[in-house]
Structure formats: C-alpha cells, structure tokens
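Below, each chain spelled out in residue letters.
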Amino acid sequence: MKDTGPLRVAITCDVESDWGGRAPADDPDTRGLREGLPACLEVLQDHGVRGTFFINASVLQTAPEVLGRISLHGHEVASHSLHHRSLDCLTTEAVREELSRSRDALEDFFGGCVQGFRAPQGRVPEPWWELLEEAGYTYDSSIFRTVFPGRYQHVQAPAIPYRVGKIWEFPVGRLWGTPFPLGLRWVTALGLVGRALATTSVGDPVILYMHPFDLVTPDAGETYPLSARLWYKFRASQARVTLDRLLDAWQRAGVVFMTLQELASSKLEGHH
Ligand SMILES: [Zn+2]
C-alpha cells in the first residue's frame, strides 16, 4: 500500500451475454454487446479513462467488431472464463479448461497477454489461487466483499489487494455503509452516487464493476427468472448517466484511474 498520492480507481467491466450471462452466448440480438458495450466505451473515452474488461470467451464471435474496439481504445483485456458457468460446480479438470482455454481464445482474438481473471458470479472453487497460478495468471478479481446467498461469502476478506502465493487478489469494492458490492447496477438502482464516491475514502484502490447490459434496458427475456428481470430493468435507463456522473466526480476529486494489470505491476515492483 502506498501512503501518499492520489487515490486510485479501477473501472472493470464483465463482458458476457444479457441477463447476467443467462442469455445464449451466440444470441445475435444481445443488446448488452450491441448497444451497452459501445455506450460504455463511449463514456470511458469521453473521460479519457482506460479500464479492465473481463471478457467471457463464448461471446467473442457474437459481436467481434464491437469487442475489437475494447483493445483499440487501449483498455486491458482479461478473462471472464469460457462458458460463464459457476466454477465451484465444476470438476477441477473442467476449471483448468475454463482458465486456460479462455485465455488462449482471448489472446488469439486480441493479441497480447491476458494476465487477469474474474470468476462468473464471483464463485470460486478450491484451491482457487493455486489453480490460477498453475494456469499462468498473475492476478484475480473474483472476491466480492459482501454476502449474497449462494454466491459471495467474503465479508471478512481484506478491503485492500492481497497476495496468495504469486497471485494478487483485487477484491471488488463495497458501497460505503451498505452490504452491497460497488457495482454500477447497484449504484444506479439505489441512486447512491454519493456513497460510491464515499467509497474512495475507505479503500485504495477502489474497484468498480459493471456489465454491458447494465447500460441498456433489456427487452424480451420472459424465459429468465422474474427476480432477474426486475433487477436488470429497474432504473436501467439511468445507468449511463450514473457512470458519467461517477467518472466526472471522481475526476474532479483528483482520482487516478488505472487498469488492474497496471496495479498488479506496481504491486509486483514494490515487492522486489
Ligand atoms: Zn459474469
């Protein structure tokens, strides 16, 4: 941890099919990829901010042109697995496949070297960090410091990046004064831009996460659970404005935006 200097914020985006990865990966009408992702890239570009995009490799061929813009805009590409399955329900061999094949597919598509991973729904199997290290990753950002039945159980996890073996873990932030993760969907739904900003006063770096479909009002989706439909539609039209206001306010506060790979490099340097 550094003691002085401006606060650092990492903007992260999990790129997957609509309805929280429930929609078929090859759905050509997926609005998150076709409309949400360009909107997200536009807002970041307006602010000159580069982020980290955890991409589910199964959507690469669904919208190749817009996905290609992620690296063209200078953002970091990281892995969000191959099939968006819950990794804690798979065999160790299947987890190894998800880790290595997703990385190969992303490196083939984008070029460059994929260093980071985020598990679908933040569900991680054991022995998590050993598996990541074996697959050649250098950092992870799958730990959400909050409780969500059947999903996150990591309230006790450290608020700041920590190291397990050779892997840096970058825990996703928590909305100040709430048990909720620092996600654009949460900030938008609860109207808590102010609290998201307050989060910068309690942790460094601050890690925000979002999805392309957070920025659109999804249609259809009658086959998905009612709870998901209500959640993803509630105030969805406000998401783009919320992201814009957040970046604005953070920039006025003098925050420095970094990719997770940049943060991992600075951490590694500090430990040699
Ligand atoms: Zn996901």
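The written sequence of each chain sets the order in which its residues are numbered from 1. Local features are withheld for residues below a pLDDT of 70 in this predicted model, meaning they are given only at 70 or higher, and side-chain atom pairs are given and counted only at 80 or more; totals for whole chains, interfaces and linings count all residues.

K.L.:
What's the story with the overall build of the chain in this structure? I'm lost.
P.N.:
Each helix is a run of H or I in the DSSP string that is no shorter than four residues. Each strand is a run of E no shorter than two, and both are numbered from the N terminus. Counting its secondary structure elements, the chain contains ten helices and nine strands. Here the C-alpha atoms of the chain give a radius of gyration of 17 Å, agreeing with the 19 Å that 2.2 N^0.38 yields for 272 residues. Residues are called buried when their C-beta atom has 20 or more other C-beta atoms within 10 Å, exposed when it has 12 or fewer, and partly exposed otherwise; all C-beta atoms are positioned from the backbone. Relative to its 272 residues, the chain shows a buried fraction of 46%. Once C-beta atoms are placed from the backbone, any two residues with those atoms within 7 Å are in contact. Summarising the internal contacts of the chain: among those between residues at least 6 apart in sequence, 75% fall at separations of at least 24. Our radius of gyration is a C-alpha quantity, and the globule rule it is checked against amounts to 2.2 Å times the number of residues to the power 0.38.

K.L.:
Even after reading the chapter, I still don't get the nonpolar core, so can you show me in this structure?
P.N.:
Buried together is how nonpolar side chains tend to be arranged in soluble globular proteins. Phe53, Ile207 and Leu208 are the most contacted members of the largest nonpolar core, which has 70 residues in total. Among the elements that line this core, the one with the most residues is helix H2 (residues 31–46), at six residues. Leave out the neighbours within four places in its chain, and Phe53 touches Cys13, Val15, Ile70, His75, Glu76, Val77 and Ala78. Any nonpolar core is a set of buried residues, restricted to Ala, Val, Leu, Ile, Met, Phe, Trp, Tyr and Cys, that join up through C-beta atoms within 7 Å.

K.L.:
I would appreciate a short explanation of the environment of His154 in the present structure.
P.N.:
By the element assignment, His154 lies in the loop between strand E5 (139–140) and strand E6 (162–164). Taking the C-alpha atoms as reference points, His154 and Phe117, 37 residues apart in sequence, are found 17 Å from one another. Every residue in contact with His154, bar those within four places of it in the chain, is listed here: Ile143, Phe144 and Arg145.

K.L.:
Would you take a moment to explain the pairing of strand E3 (residues 76–79) for this structure?
P.N.:
In regular strands, side chains alternate between the two faces of the sheet. Taking every second residue as pointing to the same face, both faces of E3 are buried, with Glu76 and Ala78 on one and Val77 and Ser79 on the other. We treat two strands as partners when DSSP finds at least two bridges between them. Of the strand pairs in this sheet, strand E2 (residues 52–55) and E3 are connected by four bridges, and their pairing is parallel. Its bridge partner being in E3, Phe53 is matched across the sheet by Val77. Handedness is read with the strands pointing away from the viewer; a crossover is right-handed when the path from the first strand over the helix to the second is clockwise. This β-α-β element, E2 to helix H3 (residues 64–72) to E3, shows right-handed connectivity.

K.L.:
When you look at unusual backbone geometry in this model, what are you seeing that I'm missing?
P.N.:
Peptide bonds are, in most cases, trans, and in most cases residues other than glycine have a negative phi. In this structure, Pro127 follows Glu126 across a cis peptide bond, with omega equal to -10°. One can find Pro127 in the loop between strand E4 (116–117) and helix H5 (128–134). Despite not being glycine, Ser81 has its phi angle at roughly 75°, a positive value. Tracing the sequence through the fold places Ser81 in the loop between E3 and helix H4 (92–110). The exposure class assigned to Ser81 is buried, which follows from the 27 C-beta atoms found within 10 Å. At Arg235, a residue that is not glycine, the phi angle is positive and equals roughly 55°. Here Arg235 lies in the loop between helix H8 (226–233) and helix H9 (239–252). Given 13 C-beta atoms within a 10 Å radius, Arg235 is considered partly exposed.

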